[in-house]
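Working through the structure, step by step
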Amino acid sequence: MPALRGDSSYLSQARSRLYWPILLLALLLSHACAGAPPEEAKAPATVGPAPRLSADVQAALDAGDAELRRGRQAKAEVLYQRALQNSEGSQGQSRAMVGLARVELAKGQARKALEWLERLAEPEENQAAQAEAAWLQAFILYQKGDQDGGRQALRHLVSLSIMGIPPEEREQAASYLETELIRGRGDFAFLRSLLYSARRQGSLAARDLPPLIARQAASLPPGQAAGLVRIEPDRELRAALTAGLAWGYIKEGQAGEAKQAIDYLAASPQGGQWRYWLSALRQDLSQAGRMDARTIGVILPLTGLHGEKGRRVLLAIKLALGVFQEPAKAPALYVMDSRSNPLTADQAVKDLAERHRAAVIIGPLEHMTALAAARRAQALEVPLICLAPEADLSRVGAFIFRNHPTVEDQVAAIMPKVQGEGTSRVALLAPDDQEGHAFHETLSAWFAAQQSDPARSHTISYGMNPLTMDPPLFYRPGGAAQAKLERLVGGASTKAVINFDRLWLPAPVEDVQHLAPRLHNRGVRGKLLLGSMAWHDPKLLASSGKLLQDAMFPDVFDPESSRGAVRAFCQSFEKETGQAPGLLEALGHDAALLARKALDSIAPTEGRPAVRRALASLKGVEGACGPLAMGRDGRVRAPMKLFLIRESAFVSLGPAASPER
């Protein structure tokens, strides 16, 4: 959810004079919230005071605090250790352990810091030290990326006393708590708990909680938020709910209802307090009204190393949108060059969303540029259909979709087939890269999930000899890599000792071209070989087709299919380029087709949330890869097919078994 510019006044005031009991009560009443704390938080550096300690222990702790503030970790550690040894009660021991944890944190030893914090006892008199320890745990776990652990520690802090945190760190803790509150979106019960907390605390609550209440109201279906507006007795809280309701209407593309809510808030006695929100809401409403619901943005590498690939995908996108066939009816298309640069891709999303009012964006192709684009698109709440192969992109948020098969899809497509033919041992020879690792992990998980008869042993080898377990092989022809390959297939002799039923080689075409002769000469040929989608390349047929007879691989795109949509796409592409399309071109075509279907299904006055919902509900769309459907995880599903290599042709075996989605 993008931040409204008028929001800054309220939030800055809330941070500077945050009313802790209200926020803590709200967090206790709320449900589990998702989200991460600010990225550039500074590490806490001092230990707060603790009462009822002996003079020598108190002196050691105070001196340790002073040395730690000066950056003298070694001296501080000695002093905290002295306090720990001389403390007769848990008060001093707890404070000393917290100090030692801070020393380890200052030294960059987060794990050792957590070990000290976990040793703390939990009697009631240690509440201040426990609160400080919970805060440190939350800080460390969030910085390590353990969101669930960080939230749990933060909730433990809430259950104690916030006053246990040193004063100079309370604002930082406030930002963590506020992030958790703000990110707990779309939860009706959570919003009700915020309102309940605000009513109990009276006018103090009205000063601090309205921005959070407005954000929560904006995340709910407008009908629910409108119901709360009608029944809310407190005028201050009703104004906050109305601000959120107006925002929600704008997001849903309901311009008339949004204007009514804005006018109602402006005319209320509380309108002056919400002047910044009102200004931002009116601006957002005017932008939503001008957004062209038939404008599509594209981000692809059009220059540099991947420029040729990007231009071919762009041509396929234009074919899907009818730019050549029916230009008058085609959506407006704005194209940006990513230059294979994440920063450029990030800015391209911003330009397409804000300057060109794109309703949906397609691309990019590479992982890092796609990840940067996805994060920006999610922040701006612009639907984005990525064409990168990595499976984690659609997890960025609800506005991110992805059209590219994964390693999991390939394993799920091919393994039932080969297991049905009696295969129980599969060796994997893969490059030592991200995709190679993914194949190793996915194939291992497949066998583990099968729980097959232990007597039917199987071997999974990641770039190593299945028997001697050599180190991972990143294949480059010749040298040590070739020697490892010789060991994998039984040595340099022509007669190889085959220790597997199938050898899976999910490698780029260039590597396969080098490996195929060596494998063939040692008897690893024909049905023994399995490939990946990368094998579906005419260059491989021309160079190694005879050596790879009867090898099998999966793919979603079959250019020889008789389906009408496939034939139309292939013929149009060949007419424009004189070349047959490949997988990437087919994926780009289908992404554009889905984008156009989604835009055609909504009213012109609706906004991007409506586009997102339309994309999420698409199914049964005939594309270049066959019938398409959007999965619950934001990934486009197309039926995987199996292919055999037959000298000078790829022969389709038909659809693979469809796993449960």
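Parameters and conventions
Residues numbered from 1 in each chain as written. Predicted model: local features only at pLDDT ≥ 70, side-chain atom pairs only at ≥ 80, totals over all residues. Heavy atoms only, no water. Helix = DSSP H or I, 4+ residues; strand = E, 2+ residues; numbered from the N terminus. Contact = heavy atoms within 4.5 Å. Pairing = 2+ DSSP bridges. Core = buried A, V, L, I, M, F, W, Y, C linked by side-chain atoms within 4.5 Å. Buried < 20%, exposed > 50% of the residue type's maximum accessible area, 1.4 Å probe, protein only. Salt bridge = Lys/Arg side-chain N within 4 Å of Asp/Glu carboxyl O. Axes fitted to C-alpha atoms, helices over the stretch in contact; angles between N-to-C directions. Parallel < 35°, antiparallel > 145°, perpendicular 65-115°, else oblique. Left-handed = near helix turned anticlockwise from the far one by under 90°. Nonpolar A, V, L, I, M, F, W, Y, C, P; charged D, E, K, R; others polar. Expected span 1.5 Å × (residues − 1). Arc of directions from axis to C-beta. Phe/Tyr/Trp six-rings, centres within 6.5 Å; stacked < 30°, edge-to-face > 60°. Lys NZ or Arg CZ within 6 Å of the ring centre and 35° of its normal. Lys, Arg positive; Asp, Glu negative; His and termini not counted. Polar contact = N/O pair within 3.5 Å; in protein donor to acceptor, adjacent residues only side chain to side chain. pLDDT = per-residue confidence, 0-100.

So, about the side chain of Arg312. Within the secondary structure, Arg312 is located in helix 17 (residues 307-321). In this structure, Arg312 is in contact with Phe573, Gln579, Ala580, Pro581, Gly582 and Glu585, ignoring residues within four places of it in sequence.

The next point concerns the environment of Leu583. Turning to its location among the elements, Leu583 is positioned in helix 26 (residues 583-600). In this structure, Leu583 is in contact with Met533, Asp555, Val556 and Phe557, ignoring residues within four places of it in sequence.

Further remarks concern the sheet that holds strand 11 (residues 626-630). Reading across from one edge, 10-11-12 is the order of the three strands in this open sheet, with antiparallel pairing throughout. At either margin of the open sheet sits one strand with a lone partner, and together these are strand 10 (619-623) and strand 12 (636-637). As defined by bridge partners, strand 10 adjoins strand 11 across four bridges and the pair is classed as antiparallel. Across the sheet, the residue bridging to Lys619 is Ala629, located in strand 11.

On to the nonpolar core. Within the largest apolar cluster, 69 residues are counted, with the highest numbers of intra-cluster contacts made by Leu300, Met415, Trp504, Phe557, Phe569 and Leu615. Examining the composition of this core, we find that 10 residues originate from one element, helix 26, more than from any other. Judged by nonpolar contacts, the second largest core, of 30 residues, contains Leu228, Leu245, Leu278 and Leu281.

On to the pattern of salt bridges, then. If you walk through the whole model with that rule in mind, you get 22 salt bridges. Where Glu326 meets Lys329, a salt bridge forms, and the shortest distance between an N and an O atom there is 3.7 Å. With relative accessibility at 42%, the residue Glu326 sits in the partly exposed group. Through salt bridges with shared partners, one network takes in Asp409, Asp633, Arg635 and Arg637.

Turning next to the packing of helix 26 against helix 27 (residues 608-616). Across the interface, helix 26 lies against helix 27 with an axial gap of 9 Å and an inter-helix angle of 120°. Between helix 26 and helix 27, the crossing angle belongs to the class labelled oblique. Where helix 26 crosses over helix 27, the two elements pack in a sense that is right-handed. Residue-level contacts link Leu594, Ala595, Ala598 and Leu599 of helix 26 to Val611, Ala614 and Leu615 of helix 27. When the residues that make up the contact of helix 26 with helix 27 are grouped by side-chain class, the tally is seven nonpolar, no polar and no charged.

With parallel pairing, five strands are arranged side by side in an open sheet as 2-1-3-4-5. With partners counted over all chains shown, the strands left at the sheet margins are strand 2 (332-337) and strand 5 (400-402), one partner each. Between one strand axis and the next, the sheet turns through 25° on average, direction left out of account. The pairing of strand 1 (residues 295-300) with strand 2 spans six bridges and is parallel.

Turning to the environment of Leu278, a few remarks are in order. Structurally, the position occupied by Leu278 is in helix 16 (residues 275-290). With 12 residues separating them in the primary sequence, Leu278 and Ala266 have C-alpha atoms 7.2 Å apart. Not counting chain neighbours up to four residues away, the residues in contact with Leu278 comprise Ile262, Leu265, Ala266 and Gly271.

Take helix 4 (residues 73-86) next. Between its terminal C-alpha atoms helix 4 stretches 20 Å, which fits the 20 Å expected from 14 residues at 1.5 Å a residue. Of all the positions in helix 4, only Ala76, Leu79, Tyr80, Ala83 and Leu84 are classed as buried. Summarising the axial view, the buried residues of helix 4 lie within an arc of 140°, below the 170-degree limit, and thus occupy one face. Exposed positions of helix 4 whose direction lies more than 90 degrees from the buried face are Ala74 and Gln85. Buried-residue contacts for helix 4 involve helix 3 (55-69), helix 5 (90-106) and helix 6 (110-118).

Under the definition given, this model contains seven aromatic pairs. Ring geometry for Trp274 against Trp277: centres 5.2 Å apart, planes inclined by 80°, an arrangement best described as edge-to-face. Of the aromatic side chains, those joined through ring pairs into one cluster are Trp247, Trp274 and Trp277. The side chain of Arg612 reaches across the aromatic face of Phe399, ending 5.6 Å from its centre.

Let us look at the side chain of Arg402. With respect to the helices and strands, Arg402 occurs in strand 5. No salt bridge is formed by the buried Arg402. Its closest oppositely charged neighbour is Asp409, at 5.9 Å. There is a polar contact of 2.7 Å between the side chain of Arg402 and the backbone oxygen of His404.

Once that is clear, we can look at helix 14 (residues 235-251). Three or four residues apart is the spacing at which side chains of an α-helix point the same way, because the helix has 3.6 residues per turn. If you check helix 14, its first and last C-alpha atoms are 24 Å apart, about what 17 residues at 1.5 Å a residue would give, namely 24 Å. Within helix 14, 14 of the 17 residues are buried, leaving the element largely enclosed by the surrounding structure. Capping the start of helix 14, Asp234 holds a side-chain oxygen 2.9 Å from the backbone nitrogen of Glu236, two or three residues further along.

Across the chain, pLDDT averages 77, with 73% of residues at or above 70. Ignoring residues within four places in sequence, the model shows residues 181-185, a span with pLDDT below 50, making 19 contacts including any to other chains. A low-confidence stretch, residues 491-495 stays under pLDDT 50, and its non-local contacts, those more than four residues away or across chains, total seven contacts.

Time to look at unusual backbone geometry. Residue Pro364 is bonded to the preceding Gly363 through a cis peptide linkage, with omega at -10°. Inspection of the secondary structure assignment puts Pro364 in the loop between strand 3 (360-362) and helix 19 (367-380). Even without glycine at this site, Arg339 takes up a positive phi of about 55°. Following the sequence through the fold, Arg339 ends up in the loop between strand 2 and helix 18 (342-355). Despite not being glycine, Ser340 shows a phi value in the positive range, around 55°. Its place among the elements puts Ser340 in the loop between strand 2 and helix 18.

Within the secondary structure, Leu237 is located in helix 14. For the pair formed by Leu237 and Ile213, sequence separation is 24 residues and the distance between their alpha carbons is 7.9 Å.

A word on the packing of helix 17 against helix 25 (residues 564-577). One way to put it is that helix 17 packs onto helix 25 with a least axis distance of 10 Å and a crossing angle of 125°. The angle between the axes of helix 17 and helix 25 places the two elements in the oblique class. Crossing of helix 17 over helix 25 shows right-handed handedness. Contacts from Arg312, Leu315, Ala316 and Leu319 of helix 17 reach helix 25 at Phe569, Ser572, Phe573, Glu576 and Thr577.

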